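Residues per chain, in single letters:
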Amino acid sequence: MRNNPAMAHRIAVLALDHVVGLDLGTSAQVFGTARDATGKRLYRVEMCTPGGRPVRVTAGYAAHPDHDLSLTETADTVVVPGIHDGSPLTDGTVDAEVAAALRAAHARGARVMSICTGSFVLAAAGLLDGRRATTHWAHAADFRRFHPSVHLDPGVLFVDDGDILTSAGVAAGIDLCLHVIRRDHGAEVANHAARRCVVPPWRDGGQAQFIERPLPVGDGAASTAATRSWSLERLGEPLTLITMAGHARMSVRTFTRRFREETGVSPARWLLQQRTDHARRLLETTGLGVDQVARQAGFGTAAALRQQLHAAIGVSPTTYRRTFRPPTGDRVPG
């Protein structure tokens, strides 16, 4: 990478068809606000595409680049924004020209980054094999299916694996860019860039706090679905395996086996997850105190809720509430 402090660090944003609009602009916006003490820009951000052709943006317009893939031959960092369609998402492959450009940039020492599903492009190019990476949580199953050799962690906002960095969905690209500025130039420059973008310089927790977990549904008299529905209405009450099996009119052994077949987890693990999710909903949508939330969700005490929430998503109840619900009395612009 460029060592001459008089020269701005060159960033090539490699955009493909169906590029996500926010992801496409993130690098230019965040890196473009980074300045040194004299006010000089520290990064120069340019966009390139295969053949220098326009690409379709998911927001309903076309982006016209100034460069073709030759820009990646001299860039200090190459960033691949997320996409919402195309072969990297549909079958785990990428155009040979794009793959070659990314591999060549990495081989000569350029830093390579992805935002959101841009990680599918890096993986298809073979750059993530044997490495830790992340992507948008909603695409984690497809990513694992296409790229089993990648150590995917869908619970974090970004993964810094040295010369290759990946981020989770959409706004997590902002977190990653600020992290890179912090790594390159220190906290003061990164914090200033964050203020210019009106975003926090660092977010607690990870992507896990934003993941939606739909419940598996069973059918028929042999299903445990009815007992699951019954349990969801009684999360604040003591619920034991024996109680749940009794409601299902099954032996504990049969109930446990069928429950795991239908949900993929044990009854105890499922119950803990539902109580955690219920606590999250209460924190998001009500003004109940943490003690009340803990009781209504079945944790009993605020201390138990704090311990579980931190283990599950990496933040405290208070921090989680601040993320999803403005403090009482705050005027929300409308």
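For the structure, check the block above.
Everything numeric here is computed off the predicted structure, so don't read it as measured data.

A few points about the pattern of salt bridges
- Under the criterion given, the structure shown has twelve salt bridges.
- Here Arg228 makes a salt bridge to Glu262, at a shortest N to O gap of 2.9 Å. Taken together, the residues span a long stretch of sequence, with Arg228 in helix 8 (residues 225-232) and Glu262 in helix 10 (residues 252-263) at a distance of 34 residues.
- Exposure remark for Glu262: the relative accessible area of 24% places this residue in the partly exposed category.
- Between Arg280 and Asp277 there is a salt bridge, with its nearest N and O atoms 3.7 Å apart. Here Asp277 and Arg280 lie together in helix 11 (residues 267-285), a separation of three residues that amounts to about one turn. Considered together, Arg280 and Asp277 belong to a single accessibility category, that of buried residues.
- Connected through shared salt-bridge partners, Arg10, Arg44 and Glu46 make up one network.

Thoughts on helix 12 (residues 290-297)
- Buried within helix 12 we find Val290, Val293, Ala294 and Ala297. Summarising the axial view, the buried residues of helix 12 lie within an arc of 100 degrees, below the 170-degree limit, and thus occupy one face.
- Those residues of helix 12 hidden inside the fold are in contact with helix 11, helix 13 (302-313) and helix 14 (317-324).
- Gly298 sits one or two positions beyond helix 12 and adopts a positive phi of about 90 degrees.

Some remarks on a nonpolar patch on the surface
- On the surface, Leu241, Ile242 and Val252 cluster together to form a nonpolar patch covering roughly 250 Å² of accessible area.
- Locating Ile242 in the fold gives a position in helix 9 (residues 241-248).

Examining the environment of Ala124
- Within the fold, Ala124 resides in helix 4 (residues 118-124).
- With 30 residues separating them along the chain, Ala124 and Val94 place their C-alpha atoms 5.7 Å apart.
- Other than its neighbours up to four places away in sequence, Ala124 contacts Gly92, Thr93, Val94 and His147.

Side note on helix 9
- Of all the residues in helix 9, the buried ones are Met244, Ala245 and Ala248. The arc that holds the buried residues of helix 9, viewed along the axis, is 100 degrees, so those residues lie on one side.
- After helix 9 finishes, the residue Arg249 shows a positive phi value of roughly 55 degrees.

Quick look at the packing of aromatic side chains
- Tallied over the full model, the rule gives four aromatic pairs.
- Ring plane angle 55 degrees and centroid distance 4.8 Å describe the contact between Phe31 and Tyr43, whose orientation is recorded as tilted. One end of the pair, Phe31, is in helix 1 (residues 21-32); the other, Tyr43, is in strand 2 (residues 43-48), and twelve residues separate them in sequence.
- What makes Phe31 buried here is its relative accessible area of 1%.
- Its relative accessible area of 3% is what places Tyr43 among the buried residues.
- Ring centres 5.1 Å apart and planes at 85 degrees place the aromatic pair Phe120 and Phe143 in the edge-to-face group. Of this pair, Phe120 sits in helix 4 while Phe143 sits in helix 5 (residues 140-146), and the two are 23 residues apart along the sequence.
- For Phe120, a relative accessible area of 0% corresponds to the buried category.

Overview of the sheet that holds strand 9 (residues 158-160)
- The strand order 2-1-5-6-10-9 describes an open sheet built from six strands, whose pairing is mixed. Each edge of the open sheet carries a strand with a single partner, namely strand 2 and strand 9. Each neighbouring strand pair of the sheet contributes to a mean axis angle of 15 degrees, computed without reference to strand direction.
- For strand 1 (residues 9-14) and strand 5 (residues 77-80), the ladder comprises three bridges, and the chain directions are parallel. Bridge pairing links Ile11 to Thr77 in strand 5.
- Of the strands in this sheet, strand 1, strand 2, strand 5 and strand 6 (111-114) are in contact with helix 1, which crosses strand 2 at around 165 degrees.

Focus: the packing of helix 12 against helix 13
- Relative orientation of the contacting elements helix 12 and helix 13 amounts to 80 degrees, with a least axis distance of 8 Å. One way to sum up the angle between helix 12 and helix 13 is to call them roughly perpendicular. Contact residues: Val290, Asp291, Val293 and Ala294 in helix 12; Ala302, Leu305 and Arg306 in helix 13.
- Along the lines of polarity and charge, the residues of the contact of helix 12 with helix 13 split into five nonpolar, no polar and two charged.

Let's talk about the environment of Leu157
- Tracing the sequence through the fold places Leu157 in the loop between strand 8 (151-152) and strand 9.
- Considering only alpha carbons, one finds Leu157 and Ile174, 17 residues apart in sequence, at a separation of 9.7 Å.

Some details on a negative patch on the surface
- Taken together, Asp68, Glu73, Asp95 and Glu97 make up a surface patch of like negative charges.
- Looking at the element boundaries, Asp95 is found in the loop between helix 2 (87-90) and helix 3 (96-107).
- The exposure class of Asp95 is partly exposed, given its relative accessible area of 45%.

Parameters at a glance
- Residues numbered from 1 in each chain as written.
- Predicted model: local features only at pLDDT ≥ 70, side-chain atom pairs only at ≥ 80, totals over all residues.
- Heavy atoms only, no water.
- Salt bridge = Lys/Arg side-chain N within 4 Å of Asp/Glu carboxyl O.
- Helix = DSSP H or I, 4+ residues; strand = E, 2+ residues; numbered from the N terminus.
- Buried < 20%, exposed > 50% of the residue type's maximum accessible area, 1.4 Å probe, protein only.
- Arc of directions from axis to C-beta.
- Contact = heavy atoms within 4.5 Å.
- Patch = residues over 30% accessible without salt bridge, like charges linked within 9 Å, V, L, I, M, F, W, Y side chains within 5 Å.
- Areas by Shrake-Rupley, 256 points an atom, 1.4 Å probe, with all protein chains shown as cover.
- Phe/Tyr/Trp six-rings, centres within 6.5 Å; stacked < 30°, edge-to-face > 60°.
- Pairing = 2+ DSSP bridges.
- Axes fitted to C-alpha atoms, helices over the stretch in contact; angles between N-to-C directions.
- Parallel < 35°, antiparallel > 145°, perpendicular 65-115°, else oblique.
- Nonpolar A, V, L, I, M, F, W, Y, C, P; charged D, E, K, R; others polar.
- Lys, Arg positive; Asp, Glu negative; His and termini not counted.
- Charge placed at Lys NZ, Arg CZ, Asp CG, Glu CD.

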